[in-house]
Amino acid sequence: MPFRHRNPGIRPRLTFGLRLDRAARAGFPATCTVLTMLLTQVPFGIPGQAVMLPAVTLVCVWFWSLFRPAAMPPAAVFGIGLLLDLLGYMPLGVGVLVLLLAHGIARRGRRFLSQQGFAMNWLAFVPVGAGAALLSWALVVALTIRLLSPGMALFQAVLTVALYPVLAIPLAWAHRAVPEADAA
Amino acid sequence: MIRLSIPARQALSKLSLPVLVAAAFGLMLLGKADTILAERARMALNDSLGPIYAVLSEPLRAIDRAVSDAGNLWNLRTDNAKLREENEYLRRWQSIALALDSENARLKASLNWIPDPTANYVTARVVADAGGVYARAALLEVGPNHSIKKSQIALDERGLIGRVTEVGSRTARVLLITDLNSRIPVIMETSRARAILVGTNGPRPRLLYWPEGVQPQEGERIVTSAEANAFPANLPIGTVQHTANGVPEVQPFAQLNRLEVVRIFDYGLGGVVAPETQSRPTPGRH
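Residues numbered from 1 in each chain as written. Chains lettered and ligands numbered in written order. Predicted model: local features only at pLDDT ≥ 70, side-chain atom pairs only at ≥ 80, totals over all residues.

Focus on the overall build of chain B
Then comes step 1: Each helix and strand counted, chain B has three helices and 12 strands in total.
Then comes step 2: The C-alpha atoms of chain B give 24 Å as radius of gyration, which overshoots the globular expectation for 286 residues (19 Å, by more than 25%).
Then comes step 3: For chain B, with 286 residues in total, the buried portion stands at 33%. (Helix = DSSP H or I, 4+ residues; strand = E, 2+ residues; numbered from the N terminus. Rg over C-alpha atoms; globule rule 2.2 N^0.38 Å. Buried ≥ 20, exposed ≤ 12 C-beta atoms within 10 Å, placed from the backbone.)

Shown next, in the form of structure tokens:
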């Protein structure tokens, strides 16, 4: 491959294939999140399946914000949140706000958490999952002016926290299998 | 791509999160101000995803059927005995029903009774749950050239399911009778007293506002009332069941947690437009 002489050996010329590869790598976390979200909408006939969607979305956004923040920018989180609101029949903006706040927290705690082991990461996710479920419940109550029973919010909190290890293991595997563009 | 200096890019990336959080609040206001917008966006999304769900649900249904078939084979003997007994019982009822039917026809003929209009219906497949966490609804795949309109009535083979609230070009959404926003005028079949059936998001909707001096009886059948011209009279809904606290609830006949095929009836009624799915608090008790 021909190199430029001005900065020899630093980077190869960006061919079309390389650009495509970079775009694919950069878009991988968001795409994988959206596909997982759509997968939860398939009618499996499991009772309480509706709660899967917000739970899975939060886990994915949290994981990628923590371990590959460059590929999960706030704009992508916004788009995913909008999709969550539309698919999950929530008042517009609820999912967007909850996911953006989770993303912000993940960015703050990134330095510390990305050094920790799996158990510590799960423990750190407990308040995030519970807080997200309760915040979305409070927002839905405020926006629909209806007092909804908090039972579903509690179920969502428990399910979100319980789903973390189930999803984090394949996500961690994907994280290693598809390295970031610069590391590739 | 626009080239920015490194400090400018850093400032921009720091600013983007607060700006987007503010945009999220803006989105909430927008969704509150214009409920139709969110509804349209949802139906457009459903229209594009509906065929995918329909394709994906086919193998899942096959697996489900295979599992239930295996269970049925296992119970073949006991089921057979039970069915024979039930058949005997139903045959007696059939002769009574036929006699009553002919008597009814004769009486109606002598009274010059105006016959109830027969309703047209279409049958559609349920492809996804369309309720989310805080609502109860079902998404139907209805094909491109359908005649389904808002506030038409959905039944399964046993009883009332709900009403159509949103119609897209390929899909329709049915708000179930268990949804928090569902209000249905009903009649208790033995006492002929009117009441309102109120959804609670739980598996059994609640009876409210029955007249004084009447008490819903345990096991009493609940049917729709033609009041307000939103439903035809006498569609079966369910039976009364009291909770431990003595609150009368209705156990629906329809199998709301495993809907597969739904009939949408056009009774040509336009009394009350179907409730908005998301917001709009309904006046009355919550």
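Let's talk about the overall build of chain A
Then comes step 1: Of regular secondary structure, chain A possesses six helices and zero strands.
Then comes step 2: Overall, chain A shows an N-to-C arrangement of helices and strands of α-α-α-α-α-α.
Then comes step 3: A principal-axis box enclosing the C-alpha atoms of chain A has dimensions of 70 × 30 × 30 Å.
Then comes step 4: Taken across its 184 residues, chain A has 38% of its residues classed as buried.
Then comes step 5: Contacts spanning at least 24 positions in sequence make up 68% of the contacts within chain A whose residues lie at least 6 apart. (Contact = placed C-beta atoms within 7 Å.)

Concerning the nonpolar core
Then comes step 1: V61(A), W62(A), L99(A), L140(B), I161(B), V174(B) and L197(B) are the most contacted members of the largest nonpolar core, which totals 102 residues.
Then comes step 2: The element contributing the most residues to this core is helix α2 (residues 52-67) of chain A, with 13 residues.
Then comes step 3: The residues touching L99(A), leaving out its near neighbours within four places in the chain, are T57(A), L58(A), V61(A), V77(A), I80(A), G81(A) and L84(A). (Core = buried A, V, L, I, M, F, W, Y, C linked by C-beta atoms within 7 Å.)

Regarding the interface of chain B and chain A
Then comes step 1: On the side of chain A, 33 residues touch chain B, which itself brings 37 residues to the contact.
Then comes step 2: If you tally residues by element for the side of chain B that touches chain A, the top one is helix α1 (residues 6-33) of chain B, at 12 residues.
Then comes step 3: Classifying every residue of the side of chain B that touches chain A gives 23 nonpolar, nine polar and five charged. (Nonpolar A, V, L, I, M, F, W, Y, C, P; charged D, E, K, R; others polar.)

Structural notes on the pairing of strand β9 (residues 221-224) of chain B
Here is the key point about a regular strand: its side chains alternate between the two faces of the sheet.
All names here are of chain B.
Then comes step 1: In β9, alternate side chains face the same way, and those of I222 and T224 are buried while those of R221 and V223 on the opposite face are not.
Then comes step 2: Pairing geometry for strand β6 (residues 183-188) and β9, over three bridges, is antiparallel. Considered in β9, the bridge of V186 is made with T224. (Pairing = 2+ DSSP bridges.)

A closer look at unusual backbone geometry
Then comes step 1: In this structure, Y89(A) is a non-glycine residue whose phi angle is positive, near 55 degrees.
Then comes step 2: Tracing the sequence through the fold places Y89(A) in the loop between α3 (74-87) and α4 (94-113).
Then comes step 3: Although it is not a glycine, N234(B) adopts a positive phi angle of roughly 70 degrees.
Then comes step 4: Classification of N234(B) by C-beta neighbours within 10 Å gives partly exposed; the count is 13.

A few points about the packing of α4(A) against helix α5 (residues 118-144) of chain A
Residues and elements named next belong to chain A.
Then comes step 1: Where α4 contacts α5, the two axes come as close as 10 Å, and the packing angle between them is 160 degrees. Here α5 runs roughly antiparallel to α4, going by the angle between their axes. Where α4 crosses over α5, the two elements pack in a sense that is right-handed. Counting all contacts with α4, which are made through V94, L97, V98, A102, I105, G109 and L113, the residues of α5 involved are N121, A124, V128, A132, L135, S136, L139, V140 and L143.
Then comes step 2: For the contact of α4 with α5, the residue count by class is 13 nonpolar, three polar and no charged. (Axes fitted to C-alpha atoms, helices over the stretch in contact; angles between N-to-C directions. Parallel < 35°, antiparallel > 145°, perpendicular 65-115°, else oblique. Left-handed = near helix turned anticlockwise from the far one by under 90°.)

Points about the confidence of the model for chain B
Residue and element names in this part refer to chain B.
Then comes step 1: Of the residues in chain B, 93% reach a pLDDT of 70 or more, and the chain-wide mean stands at 85.
Then comes step 2: Low pLDDT, under 50, characterises residues 277-286; the stretch is placed with 22 contacts to residues that sit more than four places away or in other chains.
Then comes step 3: Across the interfaces of the predicted complex, the ipTM metric reaches 0.80, alongside a pTM of 0.80. (pLDDT = per-residue confidence, 0-100.)

Re the sheet that holds strand β12 (residues 261-266) of chain B
Either a parallel or an antiparallel arrangement is found when strands of a sheet pair, and the pairing is made through backbone hydrogen bonds.
Residue and element names in this part refer to chain B.
Then comes step 1: Strand order in the closed barrel formed by six strands is β1-β2-β5-β4-β3-β12, and the pairing between neighbours is antiparallel. For this sheet the average axis-to-axis angle between neighbouring strands, irrespective of direction, equals 45 degrees.
Then comes step 2: In this structure, strand β1 (residues 120-129) lies alongside strand β2 (residues 137-141), joined through four bridges in antiparallel fashion. Residue pairing for β2: V126 is matched across the bridge by L140.

Remarks on the pairing of β2(B)
Residues and elements named next belong to chain B.
Then comes step 1: With five of its five residues buried, β2 lies for the most part within the structure.
Then comes step 2: Burial along β2 is two-sided: A137, L139 and E141 and A138 and L140, pointing in opposite directions, are all buried.
Then comes step 3: Sheet analysis places β2 next to strand β5 (residues 171-176), joined by five bridges and oriented antiparallel. Each bridged residue has a counterpart across the sheet, and for A137 the counterpart in β5 is L175.

Looking at the packing of α5(A) against helix α6 (residues 151-177) of chain A
Residue and element names in this part refer to chain A.
Then comes step 1: Relative orientation of the contacting elements α5 and α6 amounts to 150 degrees, with a least axis distance of 8 Å. The angle between α5 and α6 places the two elements in the roughly antiparallel class. For the element pair α5 and α6, the recorded crossing hand is right-handed. Residues W122, F125, V126, G129, A130, A132, A133, L134 and W137 of α5 form the contact with α6, whose own contacting residues are A153, Q156, A157, T160, V161, Y164 and P165.

Thoughts on the environment of L113(A)
Residue and element names in this part refer to chain A.
Then comes step 1: Mapped onto the secondary structure, L113 falls in helix α4.
Then comes step 2: For L113, a count of 17 C-beta atoms within 10 Å translates into the label partly exposed.
Then comes step 3: Each C-alpha atom, one on L113 and one on F67, is 9.1 Å from the other, the two residues being 46 residues apart in sequence.
Then comes step 4: Contact partners of L113, with chain neighbours within four places excluded, come to L66, N121 and A124.

With respect to α4(A)
Then comes step 1: The end-to-end C-alpha distance of α4(A), which contains 20 residues, comes to 26 Å, matching closely the 28 Å that a straight helix rising 1.5 Å per residue would cover.
Then comes step 2: The largest bend along α4(A) reaches roughly 35 degrees and is located at R107(A). (Expected span 1.5 Å × (residues − 1). Bend = angle between axes of the 7 residues up to and from the residue.)

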